[in-house]
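Chain residues, written in single-letter form:
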Amino acid sequence: MNLPLYQPEAATSTRFLFFTGKGGVGKTSLSCACALRLVEAGKRVLLVSTDPASNLDEVLETKLTNAPTSIPGAPGLHALNINPVAAAAAYRERLIGPMRGLLPEAALRSMEEQLSGSCTVEIAAFDEFSGLIGDPAATQAYDHIIFDTAPTGHTLRLMSLAKAWDQFLDQNTSGTSCLGPLAGLEKQRVIYEATVKTLADATATTLVLVSRPQAAALREAQRTSAELRAIGVGNQCLVINGTFETTFAYDVTAYAMQQRGASALNAAGDFIRSMPSYIVPLRSINILGIGGLRVLLSSDAPAPSSSEATHLSASVRTSIQSAPAQRESLRTQPAQPAQPVWTPPDMESLESLVTTLEQQGHGVIMTMGKGGVGKTTVAAAIAVLLAQRGHAVHLSTTDPAAHIAQTLHGQVPGLTLSKIDPAAETATYQSEVMQAQSAAMDDAGRALLEEDLRSPCTEEIAVFRAFAREVGQGTHRFVVLDTAPTGHTLLLLDASAAYQRELERQARSTQPEEVLRLLQRLRDPAFTHILLVTLPEATPVHEAAALQADLRRARIEPFAWVINQSLLHSGTSDPLLQSREASEHRYIEEVVNKHAHRTAWLPWQPEEPVGPTALARLATSGMQHTLV
């Protein structure tokens, strides 16, 4: 499949561009590179991150705030982060500030309590987001506004909020909401309506779906495309980041990587052909700083097309499935220059960690980290290994973008599977609250409660309750949670007390034990074991380190780190892959020597680890099992 390189041009770019996709596909790098190209074409650009786990600072090598900051080396480029917590504090003060000195302290404290929940964080971040789109005065100094949006689940929620809050304002008759007085929202009504209109305007807004040449990432892009079209965002294009073709015919690792990508693209062919689609070749460097961003979209050294690439003979293809000795002979046919010797630090297999984890006989195991690092795969591998050892295991996810069923792709005795469905959980929660409370209310009271439960925030409350329920099952079996990407996970955990308050406010009853004991259980190192999953690359490692620091502030100590998809000891002779393997060394050493109590290491797999057999094989992979 021959696709053109992604080369955004100022003349054809809409004013608003949204980059979205599965976590870890390169949204931040591509949005920054696009912004740089537009600036170098003479345009003024504002780059915005709405991701709670933003790494815009690291890619741009500039400290950012919630105000536009100029980027050194790129005149005309400004960037900012929409920080949900800071936005919530500012929003809260905007509503309460005018009342200070007019109302008693007790009343002010009551208002602050009402505005302390996750709903306020959600609407406050949206308030800033919509201000940049729906208020022309806020961005009149810029030709283009580019959004480095959050991982897919959060993006869908953020963009659907434009309609959800607009409809809520239109239908609400009580003047109240889960945010307290509705006046704070009504004042922004014109801006919210303008936001909805702009998102649906193909001449103003482009959605850039970012993917990798991987089956899961392309499935997620297709799902996102359909859901965003359904809410009116129809001007879309697809950018497939990190495509790879090798000219080293005898390199087993390089050929396997090429074939994995080609198979994924072929399988998604109909979707790719359904819209303008482009590629960005895999680069040999970590994309950091202005220089790295120029390399990312450079057309000087594009990947070879299918017709230009060296075709492998049938005997080479056969050899990839042959015995290790034959693969070793094949790989060493072309003589390669000697590489500097680097001795990796001691790391263990995932199986070794599981041997420790299973000693308790039950409990919760959570995989956390930046989107796209392989949390779903690691969680599934752990669950399969525990079940094969005779334990009762439940594998679940709170990640709206997870494809956990496709990863497991089969049944294992003793292993059950579920996914927290926000829509189903919300409907169940609304029904339970209404049944518990409506009998004691008059018609006006029931209408008011129904109004409150229609708020978009109710979904977050319902999902939190389901999360607590899943954790509670760890008292009698193993529960393996493939948790959401870093920012969403932190918001989920940090908001525990606020969610409990909101549950009490809506349900007016004592909450289930699993809700009341959630934080206690998460903080118990004998009950909950957290594994931080990372790739041996700068941004995933540094985001996992920041997550670890946040968890420690919440008095939750991670059990171990997992370095996933490492090219170490792959034996590749492809120069690009050799360069990427060498760049792993410093990050492997950083994890082992600076961050982790224990470190498991997983090699890059020639085939995607899907199904119980492949997942169990991955769990037992160690340094001695790699191709050398």
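K.L.:
Give me the lowdown on the packing of helix α1 (residues 27-40) against helix α12 (residues 289-296), citing residues and values where you can.
P.N.:
The contact between α1 and α12 brings their axes to 9 Å, and the two run at 90°. Judged on the interaxial angle alone, α12 and α1 are roughly perpendicular. From α1, Ser-29, Leu-30, Cys-32, Ala-33, Leu-36 and Glu-40 reach across to α12, where they touch Ile-290, Leu-293, Arg-294 and Leu-296. Residue classes in the contact of α1 with α12 are distributed as 7 nonpolar, 1 polar and 2 charged.

K.L.:
Let's hear about the environment of Gly-131: which residues, and what values?
P.N.:
Relative to the assigned elements, Gly-131 resides in helix α5 (residues 118-134). A C-alpha to C-alpha distance of 8.0 Å links Gly-131 and Tyr-192, two positions 61 residues apart in sequence. Sequence-distant contacts of Gly-131, that is, excluding residues within four places in its chain, are made with Ala-138 and Ile-191.

K.L.:
Can you explain the nonpolar core? Please cite residues and give values.
P.N.:
In this structure, Phe-18, Val-48, Phe-147 and Leu-238 are the most contacted members of the largest nonpolar core, which totals 40 residues. Top element by residues in this core is α5. It accounts for 7 residues.

K.L.:
An account of the packing of aromatic side chains is needed here, citing residue identities and associated values.
P.N.:
Evaluated as defined, the whole model comprises 4 aromatic pairs. An angle of 55° between the planes, with centres 5.9 Å apart, marks the rings of Tyr-6 and Tyr-278 as tilted. Highlighted residues: Tyr-6 in the segment before β1 (16-20) and Tyr-278 in strand β10 (residues 277-281), separated in sequence by 272 residues. With a relative accessible area of 7%, Tyr-6 lands in the buried category. The partly exposed category is assigned to Tyr-278, whose relative accessible area is 25%. Measuring from centroid to centroid gives 4.6 Å for Phe-18 and Phe-147, while their planes differ by 5°, and the two rings are stacked.

K.L.:
Describe in detail the side chain of Ser-566, supporting the description with residues and values.
P.N.:
Among the structural elements, Ser-566 can be located in strand β16 (residues 560-566). Side-chain polar atoms of Ser-566 contact the side chain of Trp-601, separated by 3.0 Å. Beyond its immediate sequence surroundings of up to four residues, Ser-566 is in contact with Pro-536, Glu-584, Ile-588, Trp-601, Leu-602, Pro-603 and Trp-604.

K.L.:
Before we move on, could you go through α1 and cite the residues and values that matter?
P.N.:
Its 14 residues place the ends of α1 20 Å apart at the C-alpha level, agreeing with the 20 Å of an ideal helix rising 1.5 Å per residue. Within α1, burial applies to Lys-27, Thr-28, Ser-29, Leu-30, Ser-31, Cys-32, Ala-33, Cys-34, Ala-35, Leu-36, Leu-38 and Val-39.

K.L.:
Before we move on, could you go through the state of the cysteines and cite the residues and values that matter?
P.N.:
One pass over the full model with this rule turns up 0 disulfides. Cys-32 takes part in no disulfide bond, and the closest cysteine sulfur to it belongs to Cys-34, at a distance of 9.9 Å. Cys-34 forms no disulfide, and the closest cysteine sulfur to it belongs to Cys-237, at a distance of 9.0 Å. Judged by its relative accessible area of 0%, Cys-34 falls in the buried class.

K.L.:
Provide a residue-level description of the environment of Thr-458, including the pertinent values.
P.N.:
Structurally, the position occupied by Thr-458 is in helix α20 (residues 458-472). In this structure, the C-alpha to C-alpha distance between Thr-458 and Gln-430, residues 28 residues apart in sequence, is 8.2 Å.

K.L.:
Tell me about the sheet that holds strand β11 (residues 363-368), and name the residues and values.
P.N.:
Pairing within the open sheet is parallel, and its 7 strands lie in the order β13-β12-β14-β11-β15-β16-β17. Sheet topology places β13 (415-417) and β17 (599-603) at the edges, where each strand pairs with a single neighbour. Taking each pair of neighbouring strands and ignoring which way they run, the sheet shows an average axis angle of 20°. Taken together, the 4 bridges between β16 and β17 define a ladder with parallel strand orientation. Each residue of the ladder has a partner; that of Trp-561, found in β17, is Thr-599.

K.L.:
Requested: an account of the packing of helix α25 (residues 538-553) against helix α26 (residues 575-595), with residues and values cited.
P.N.:
Following both chains from N to C, one finds α25 and α26 inclined at 15°, their axes separated by 10 Å at the closest point. When the axis of α25 is compared with that of α26, the two are roughly parallel. Viewed along their axes, α25 and α26 form a crossing whose handedness is right-handed. Where α25 abuts α26, its residues Ala-538, Val-541, His-542, Ala-545, Gln-548 and Arg-552 lie against Tyr-587, Glu-590, Val-591 and His-595.

K.L.:
Give me the lowdown on the sheet that holds strand β8 (residues 205-211), citing residues and values where you can.
P.N.:
Picture the strands of a sheet paired through backbone hydrogen bonds; they go either parallel or antiparallel. Within the open sheet, the 8 strands sit side by side as β3-β4-β2-β5-β1-β8-β9-β10. Their pairing is mixed. In this open sheet, the two edge strands, each paired with only one partner strand, are β3 (69-70) and β10. For strand β2 (residues 45-49) and strand β4 (residues 77-81), the ladder comprises 5 bridges, and the chain directions are parallel. The partner of Val-48 across the bridge, within β4, is Leu-80. In the packing of helix α9 (residues 215-230) onto the sheet, the strands contacted are β1, β8 and β9 (236-243), and the crossing angle to β8 comes to about 160°.

Analysis parameters
- Per chain, residues are indexed from 1 in the order of the written sequence.
- The model is predicted, so local features are restricted to residues of pLDDT at least 70 and side-chain atom pairs to those at 80 or more, both for listing and for counting; the totals for chains, interfaces and linings are taken over all residues.
- For side-chain calculations, the full set of non-hydrogen atoms in the structure is used, while hydrogens and water are omitted.
- All axes are obtained by fitting lines to C-alpha atoms, using only the stretch in contact for helices, and the reported angles, taken between N-to-C directions, cover 0 to 180 degrees.
- Runs of E in the DSSP output that reach at least two residues are strands. Runs of H or I that reach at least four are helices, and both are numbered from the N terminus.
- For classification, angles of less than 35 degrees are called roughly parallel, those exceeding 145 degrees roughly antiparallel, those between 65 and 115 degrees roughly perpendicular, and all remaining angles oblique.
- Should any heavy atoms of two residues lie within 4.5 Å, those residues are considered in contact.
- In this classification, Asp, Glu, Lys and Arg are treated as charged, Ala, Val, Leu, Ile, Met, Phe, Trp, Tyr, Cys and Pro as nonpolar, and every other residue, Gly included, as polar.
- What we call a nonpolar core is a set of buried Ala, Val, Leu, Ile, Met, Phe, Trp, Tyr and Cys residues that are connected through their side-chain atoms within 4.5 Å.
- With a 1.4 Å probe rolled over the protein chains alone, any residue whose accessible area is under 20% of its type maximum counts as buried; one over 50% counts as exposed, and the rest are partly exposed.
- Aromatic contacts are taken between Phe, Tyr and Trp rings whose centres are within 6.5 Å, Trp giving its six-membered ring; a plane angle under 30 degrees counts as stacked, one over 60 as edge-to-face, and the others as tilted.
- Side-chain atoms alone can form a polar contact between residues adjacent in sequence; in general such a contact is a pair of N or O atoms within 3.5 Å, and within protein one must be able to donate a hydrogen while the other accepts it.
- The span one expects for a helix is its residue count, reduced by one, times 1.5 Å.
- Disulfide assignment relies on a single distance test, namely cysteine sulfur atoms paired within 2.5 Å.
- The criterion for strand pairing is that DSSP finds at least two bridges linking the strands in question.
- Crossings are sorted by hand: turned counterclockwise from the far helix by less than a right angle, the near helix makes the crossing left-handed, and turned clockwise it makes it right-handed.

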